[in-house]
Structures are given as structure tokens and as C-alpha cells.
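What follows is each chain in one-letter form.
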Amino acid sequence: YTERIYKFTSEKEKSGIAFKLNASAGSPIYNPSFEINNWGAAVPRLFMNGKEIPPGDQFRYGIEYDEEGNSKLIVYVQHQSTKSTSFEIKQAEFE
């Protein structure tokens, strides 16, 4: 079987990740999911094309841990586009 998820590894816990998905009419973006290893336990914040998307129907996430206690963030984004889209996922900072 195939898994339709983009996989990343954070350089270190407490850091975010930024990337761009290229798209066209022949190769659209359709509800992408992302897995970010070495995430930590922090709440994620999602930005698409510089605009923050609050958690809800358009942005869902969960944090999983393996047997050794390593964390990974799983993100689902309800988004369809034939245009390239930039994403930034970073950890929420609380004061």
C-alpha cells in the first residue's frame, strides 16, 4: 500500500519547518498530510501563504510517540489548489 503523507524531520525539538508544495492543473494539491519527526509535545501553529490557519475543520493535528518516547506530529490540512502553496508549521509559544 502507499501512504500519502509528506515526511519531514525537525532539526531539533522546539523548532519549526517551512516548505512549499508546487502545484499545477495537472498536479494539484489535494488535502495534504504531513509527518514531522522529532517534534516534541508543543501545540503546532500552521501558516499557509503567510496566513495563520486555526485548528478546526481545515487544520487538524495529533502527536504520536514511539516505544522509545520519540515524538512525531501528524498534520492534516483541508486544502485544494492548482497553485503552489507555502506552508510553515511552528510551535506555539505561550507567555
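Structural notes, computed from the coordinates. Since this is a predicted model, take the numbers as computed values, not measurements.

Rules behind the numbers
Residues numbered from 1 in each chain as written. Predicted model: local features only at pLDDT ≥ 70, side-chain atom pairs only at ≥ 80, totals over all residues. Heavy atoms only, no water. Helix = DSSP H or I, 4+ residues; strand = E, 2+ residues; numbered from the N terminus. Buried < 20%, exposed > 50% of the residue type's maximum accessible area, 1.4 Å probe, protein only. Contact = heavy atoms within 4.5 Å. Areas by Shrake-Rupley, 256 points an atom, 1.4 Å probe, with all protein chains shown as cover. Lys, Arg positive; Asp, Glu negative; His and termini not counted. Charge placed at Lys NZ, Arg CZ, Asp CG, Glu CD. Salt bridge = Lys/Arg side-chain N within 4 Å of Asp/Glu carboxyl O. Core = buried A, V, L, I, M, F, W, Y, C linked by side-chain atoms within 4.5 Å.

## Concerning the overall build of the chain
Point 1. Scanning the chain from terminus to terminus reveals zero helices and ten strands.
Point 2. For the chain, the sequential pattern of α-helices and β-strands runs β-β-β-β-β-β-β-β-β-β.
Point 3. Every one of the 95 residues in the chain was classed for burial, and the buried ones make up 36%.
Point 4. A fraction of 71% describes how many contacts in the chain between residues 6 or more apart in sequence connect residues 24 or more apart.
Point 5. Here the chain has roughly 6,500 Å² of accessible surface; of this, 46% comes from carbon and sulfur atoms.
Point 6. Computed over 11 positive and 13 negative side-chain charges, the separation of the two mean positions in the chain equals 9 Å.

## Section: unusual backbone geometry
Point 1. Despite not being glycine, N38 has its phi angle at roughly 65°, a positive value.
Point 2. Within the element layout of this structure, N38 appears in the loop between β4 (33–37) and β5 (44–48).
Point 3. Positive phi values are uncommon outside glycine, yet N49 reaches one of about 50°.
Point 4. Following the sequence through the fold, N49 ends up in the loop between β5 and β6 (51–53).

## A short note on the pattern of salt bridges
Point 1. In this structure the tally under the stated criterion is three salt bridges.
Point 2. Put simply, E52 and R45 hold a salt bridge, and the shortest N to O gap is 2.9 Å.
Point 3. Each of E35, E64 and K72 takes part in one network of salt bridges that share partners.

## Observations concerning the nonpolar core
Point 1. Core analysis: the largest hydrophobic core is formed by 18 residues, its most contacted members being F19, F34, L46, V75, V77, F87 and I89.
Point 2. Of all the elements in the fold, those that place two or more residues in this core are β2 (17–21), β4, β5, β8 (71–77) and β10 (85–91).
Point 3. With residues near it in sequence (within four places) discarded, L46 still touches K51, E52, I53, F59, V77, F87, E88 and I89.

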